[in-house]
Amino acid sequence: EAAVTQSPRNKVAVTGGKVTLSCNQTNNHNNMYWYRQDTGHGLRLIHYSYGAGSTEKGDIPDGYKASRPSQENFSLILELATPSQTSVYFCASGDQGWDTQYFGPGTRLLVL
Amino acid sequence: GDSVTQTEGLVTLTEGLPVMLNCTYQTIYSNPFLFWYVQHLNESPRLLLKSFTDNKRTEHQGFHATLHKSSSSFHLQKSSAQLSDSALYYCALSDSPSNTNKVVFGTGTRLQVLP
């Protein structure tokens, strides 16, 4: 069974603070993705990566950075958190465009 | 760019009735891959079924869908809804098997099955 883990699972941050969300996968998948999930918007792609050292902008990258230091790890960084970034964030991994994406359990982020 | 449209935000029906969740897509590529993901409450999305073959029915766990390229549709159906089918359903599109491609998700349809 494919395994994707995320930490923290819940996070409360202050406006203007820095937030780092971490994702780890043991599937040896090349591709990893960060999404945010909001009612009425569904899953929206923030950043993705094809492998260690690579990051690509998704559909809503503004206000977010990403880092892929290794095959297993992919981080999402909010340098200056804003209340509009309050959401549920999902990490996923997969091998190819048509392959199944395996999602982590999600991180609930509240920015006050 | 690519897009996926799910017109119903919420579908409510009674247990035992048939289910049909609509999904249409737009892409300039001739061989898209279509997916349905399901997300139960407090869980993460997981793949329900996928297809890339035109006019071929794909089935899994009682659900089925047929990709119709002529109408750019990939509707999800089930003959008889169960209470446990209550969940959020996402239709998604990938326009290439390339390892550099990404998946575009629709806005999701929440299915609520009542007793």
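Note that the structure is predicted; figures quoted are calculated from it, not measured. (Residues numbered from 1 in each chain as written. Chains lettered and ligands numbered in written order. Predicted model: local features only at pLDDT ≥ 70, side-chain atom pairs only at ≥ 80, totals over all residues. Heavy atoms only, no water.)

Asks: Explain the overall build of chain A here, please?
Replies: Helices and strands together make up the secondary structure of chain A, namely zero helices and 11 strands. Walking chain A from its N terminus toward its C terminus, one meets helices and strands in the order β-β-β-β-β-β-β-β-β-β-β. Whereas a compact globule of 112 residues would reach a radius of gyration of roughly 13 Å, chain A reaches 13 Å, a difference of no more than 12%. When its C-alpha atoms are laid out on the principal axes, chain A stretches across 35 × 30 × 25 Å. Split into buried and exposed, the 112 residues of chain A put 53% on the buried side. Split by element, the accessible area of chain A, about 5000 Å² in all, is 49% carbon and sulfur. Of note, chain A has its 9 positive side-chain charges centred 10 Å away from the centre of its 9 negative side-chain charges. (Helix = DSSP H or I, 4+ residues; strand = E, 2+ residues; numbered from the N terminus. Rg over C-alpha atoms; globule rule 2.2 N^0.38 Å. Buried < 20%, exposed > 50% of the residue type's maximum accessible area, 1.4 Å probe, protein only. Areas by Shrake-Rupley, 256 points an atom, 1.4 Å probe, with all protein chains shown as cover. Lys, Arg positive; Asp, Glu negative; His and termini not counted. Charge placed at Lys NZ, Arg CZ, Asp CG, Glu CD.)

Asks: What is the right way to read the sheet that holds strand 8 (residues 73-78) of chain A from this model?
Replies: Where strands meet in a sheet, backbone hydrogen bonds hold them as pairs that are either parallel or antiparallel. Residues and elements named next belong to chain A. The four strands lie next to each other as 1-3-8-7, forming an open sheet whose pairing is antiparallel. Only two strands of the sheet have a single neighbouring strand rather than two, namely strand 1 (4-7) and strand 7 (65-67). For this sheet the average axis-to-axis angle between neighbouring strands, irrespective of direction, equals 20°. In this structure, strand 7 lies alongside strand 8, joined through three bridges in antiparallel fashion. Across the sheet, residue S67 finds its bridge partner in strand 8, namely S75. (Pairing = 2+ DSSP bridges. Axes fitted to C-alpha atoms, helices over the stretch in contact; angles between N-to-C directions.)

Asks: It is not clear to me how the sheet that holds strand 3 (residues 19-21) of chain B should be interpreted in this structure. Could you clarify?
Replies: Residue and element names in this part refer to chain B. Read across the sheet, four strands follow the order 3-9-8-7 without closing on themselves; strand pairing throughout is antiparallel. Edge positions in the sheet fall to strand 3 and strand 7 (57-60), since each of these pairs with one other strand and no more. Averaged over all pairs of adjacent strands, the angle between their axes in this sheet comes to 20°, without regard to strand direction. Sheet analysis places strand 3 next to strand 9 (residues 76-78), joined by three bridges and oriented antiparallel.

Asks: Sorry, what's going on with the nonpolar core here?
Replies: The tendency in soluble globular proteins is for nonpolar side chains to be buried as a group. By size, the foremost hydrophobic cluster in this structure holds 25 residues, and its most contacted members are W36, L48, L49, F74, L76 and Y89 of chain B. Secondary-structure elements contributing two or more residues to this core are strand 2 (10-14), strand 3, strand 5 (33-39), strand 6 (46-51), strand 8 (63-66), strand 10 (87-94) and strand 12 (109-114) of chain B. In terms of residue count, strand 10 of chain B provides more of this core than any other element does, four residues in total. Non-local contacts of F74 of chain B, meaning those with residues more than four positions away in its chain, are made with C23, L34, F35, W36, L49, K50, S51, A65, T66, L67 and C91 of chain B. Membership of the second largest hydrophobic core comes to 18 residues, among which are V19, W34, Y89 and L109 of chain A. (Core = buried A, V, L, I, M, F, W, Y, C linked by side-chain atoms within 4.5 Å. Contact = heavy atoms within 4.5 Å.)

Asks: Could you clarify how one ought to interpret the pattern of salt bridges in this entry?
Replies: Two side chains carrying opposite charge are able to pair once their charged atoms lie near each other. This model, assessed by the stated rule, comprises five salt bridges over all chains. In this structure, D38 of chain A engages R36 of chain A in a salt bridge whose closest nitrogen and oxygen atoms are separated by 2.8 Å. The residue K78 of chain B makes a salt bridge to D85 of chain B at a minimum N-O spacing of 2.7 Å. Under the relative-accessibility criterion, D85 of chain B is labelled buried at 5%. (Salt bridge = Lys/Arg side-chain N within 4 Å of Asp/Glu carboxyl O.)

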